[in-house]
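Notes for the structure review
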Amino acid sequence: MKLINKTSLTIIPLSLPFILISFFAFHQVIYYLNQYHIDQNLLEEKDHFENILNKTKVFDESAFNEDHFSIEPIGDSVNIPTKIETVYVYDSLEDQDEAYRQLTCVVHFNGKPHLLELRDSMIEGNTLIFGIALLMVLQILIFLFVFGVLKRWSNKKIWRPFYVVLDQLERFDITKPEQLHLQETKIDEFEKLNSHIEEMVLKISNDFRLQREMFDMVSHENQTPLAVIRSYIELMFQQTGLNQEHYEILSKINENIGRLSKMNQSILLLTRIESGKFITYEAIQLDERIKSVLDEFQLHIEAKNLDVFLKLDPKVVYMHSDLADAFARNLIQNAVRHNKQDGKLTIILNQDMIQIQNSGDSPQFNLEEMKGKFVKNSADKNSIGLGMNIITVIANQYDIEIKYEYHNNTGTHMITAFFNPTN
Amino acid sequence: MNILLVEDEEDLAHNIKKYLTQGKHEVFYAAHLSAAQDLIFDHIFDVVLLDLNLPDGNGLDLIEEVKEKNFSTGILIISARHAIDDRVKGLELGADDYLIKPFHLSELNARVNALSRRYNNSSNEGIVANEITINTQKQQVNVNKKIVNLTPKEYKLLYYFITNKNRVLTKSAICEYILGENTDWVDSFDLVYSHLKNVRKKLVQSGAKDYVKTIYGVGYIFEL
């Protein structure tokens, strides 16, 4: 559940008992107030009655316009205290018992004791009370609702720095740590949160950068000993007295030096891209670049007898020139190398995307993993698997989205790169 | 040909010198920027092989000095750095070519030769290998004064073989020279093989001997 909803909604279970209790409490209070009022009325009536009875000798009912009363003579010996109580009288019209407040007392008329009962209906009052209580509760509810809405709005504002942190962490890219922008805040806890996160990010990105730099340096340093070894091998080749076996051994060593070296160079390229050394944006005519890179692979295409289909619209992208080359080259190289003999190679370029298709067997590995990892296609012993990694890293730098699919029915691998609309 | 080699890695420098010297070049050697500067001051070189990572400075700083001394000195940068910025900068400053370590000595040799011929007028008479003559200015091949029609890749192949004559050339070295960077996989040589076959066929058809000898499983040698 979202934080804002949680904080807003908790008010409901918290206030519900309060509302119920206050409803009942209020209701009770007014009920008893009303009852007291009625009782006071009854007492006044009783006085009024006694007055009248004292002044006249004849009991004239019409002088009294009370709702209900009864007066009965009773015997002397009965000693009845004055009391007021709630009674229920059946009303045939309404077909239900109705509540009355009844005063019972002894009065004297013509010297003889009489039992006087005065009753006053509670119905109207009760209805009114219920209505008032309900209204009261409604008022509370409205108040709570408005208050709730205002509080929710205010909470959103207060919590803003926190949401900014969440959002920034979601988009965080370790290669672009400077893009972290946390919201300034006067709230102590958020200030602490911000400063801890900034510290952490700084440390992580520094570590990352140092690691990459070391990786870079090591790969770079490796080149020289490799060069030295290769030069010795080549001189060995020129020695006299070598037999076939010697030649073959030297040849294998040479081959492997080549592999090591290529891997080194790919790693160097990768680390350089990730460390942000290629952050420039030049206008590149991508369709032209693709054509010229394709030329470089002409011999390979002929050797595999590939059927090449091109649909290249003129498209300008803003990238570092050499990254554009590396991007195109790795995409095409991937499609050529993993293509079948007599297979098909298709390149489509338009304003929104570039798509490369090649015929091939279904992949043995998870499609999405391939983008991010060092995947070695075991069928090709010279594959070093970094090609896809380079493509992914370059795409990441320029906010290009890469999608990889394999279509079983046509046996086609498809890599689609969607350009960022702002590029 | 006069060559200046500026390289601080001793073993490598020694081997380069050895290989190039076998081709009848005179190789001067400096391991520091300062030593290189002295040599540049005292001599005119046909080609300067320049490593960038020198202990006392960046090799790029030498380019200007070399060009000032003699504009037609060819400069070939040899560096472990694949840094494209260096390559661009080097070429902007006046370098003519760039080779990334580790490279094949045979490739270095071929490029050094090509460089010297770019500027040096005296070498215009071309490369001669018995009945085969290569006119580097026109990129033309003659056999017994008759023109042989070679495609650009075939020409490149022949040039490579002849400038590295009598040396064992591995398949991967040949590949890298002809195909450049796109030689990541083993079957690359098959692509070059057909070009090699064509060159040999055309030369033989024009009356030349086939000097290319196969070393099984390894490569070839142009035996004169």
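Our subject in this report is the structure included herewith. (Residues numbered from 1 in each chain as written. Chains lettered and ligands numbered in written order. Predicted model: local features only at pLDDT ≥ 70, side-chain atom pairs only at ≥ 80, totals over all residues. Heavy atoms only, no water.)

Attention shifts here to empty space enclosed by the protein. All names here are of chain A. Within this structure, the stated rule accounts for six cavities of 30 Å³ or more. Considered as a void within the structure, the largest cavity measures approximately 80 Å³ in volume. Residue assignment for the lining of the largest cavity shows that the elements contributing at least two residues are helix 5 (244-274) and helix 10 (386-397). Considering each element in turn, the lining of the largest cavity owes the most residues, three residues, to helix 10. Partitioned by chemical class, the residues of the lining of the largest cavity number three nonpolar, four polar and two charged. (1 Å grid on protein atoms, 1.4 Å probe; cavity = no way out; pocket = protein on both sides within 12 Å on 5 of 7 lines; lining within 4 Å. Points joined across faces, edges and corners; volume = space filled by probe spheres on them. Helix = DSSP H or I, 4+ residues; strand = E, 2+ residues; numbered from the N terminus. Nonpolar A, V, L, I, M, F, W, Y, C, P; charged D, E, K, R; others polar.)

Okay, the sheet that holds strand 8 (residues 127-129) of chain B next. Residues and elements named next belong to chain B. Read across the sheet, four strands follow the order 8-9-10-11 without closing on themselves; strand pairing throughout is antiparallel. Each of the sheet's edge strands pairs with one partner strand only, and the pair in question is strand 8 and strand 11 (146-148). Across the sheet, the mean angle from the axis of one strand to that of its neighbour is 30 degrees, orientation sign disregarded. Alignment of strand 10 (residues 140-143) against strand 11, held across three bridges, turns out to be antiparallel. Counterpart to Val143 in the pairing with strand 11 is Lys146. The strands touched by helix 6 (residues 152-163) are strand 8, strand 9 (132-135) and strand 10; relative to strand 9, the strand with the most contacts, the crossing angle is about 115 degrees. (Pairing = 2+ DSSP bridges. Axes fitted to C-alpha atoms, helices over the stretch in contact; angles between N-to-C directions. Contact = heavy atoms within 4.5 Å.)

Right, let's talk about unusual backbone geometry for a bit. Residue and element names in this part refer to chain B. Put simply, Lys101 and Pro102 share a cis peptide bond, and its omega is -5 degrees. Along the polypeptide, Pro102 turns up in the loop between strand 7 (97-100) and helix 5 (105-119). With a phi angle near 55 degrees, Asn130 is a residue other than glycine that sits in the positive phi range. Within the element layout of this structure, Asn130 appears in the loop between strand 8 and strand 9.

Turning next to the packing of helix 6 of chain B against helix 7 (residues 171-179) of chain B. All names here are of chain B. With their axes 10 Å apart at the nearest point, helix 6 and helix 7 run at an angle of 135 degrees to one another. Classed by the angle they form, the pair helix 6 and helix 7 counts as oblique. Like other packed secondary-structure pairs, helix 6 and helix 7 cross with a definite hand, here right-handed. On helix 7, the residues that touch Lys153, Lys156, Leu157, Tyr159, Tyr160 and Phe161 of helix 6 are Ala173, Ile174, Tyr177 and Ile178. Broken down by class, the residue content of the contact of helix 6 with helix 7 amounts to eight nonpolar, no polar and two charged. (Parallel < 35°, antiparallel > 145°, perpendicular 65-115°, else oblique. Left-handed = near helix turned anticlockwise from the far one by under 90°.)

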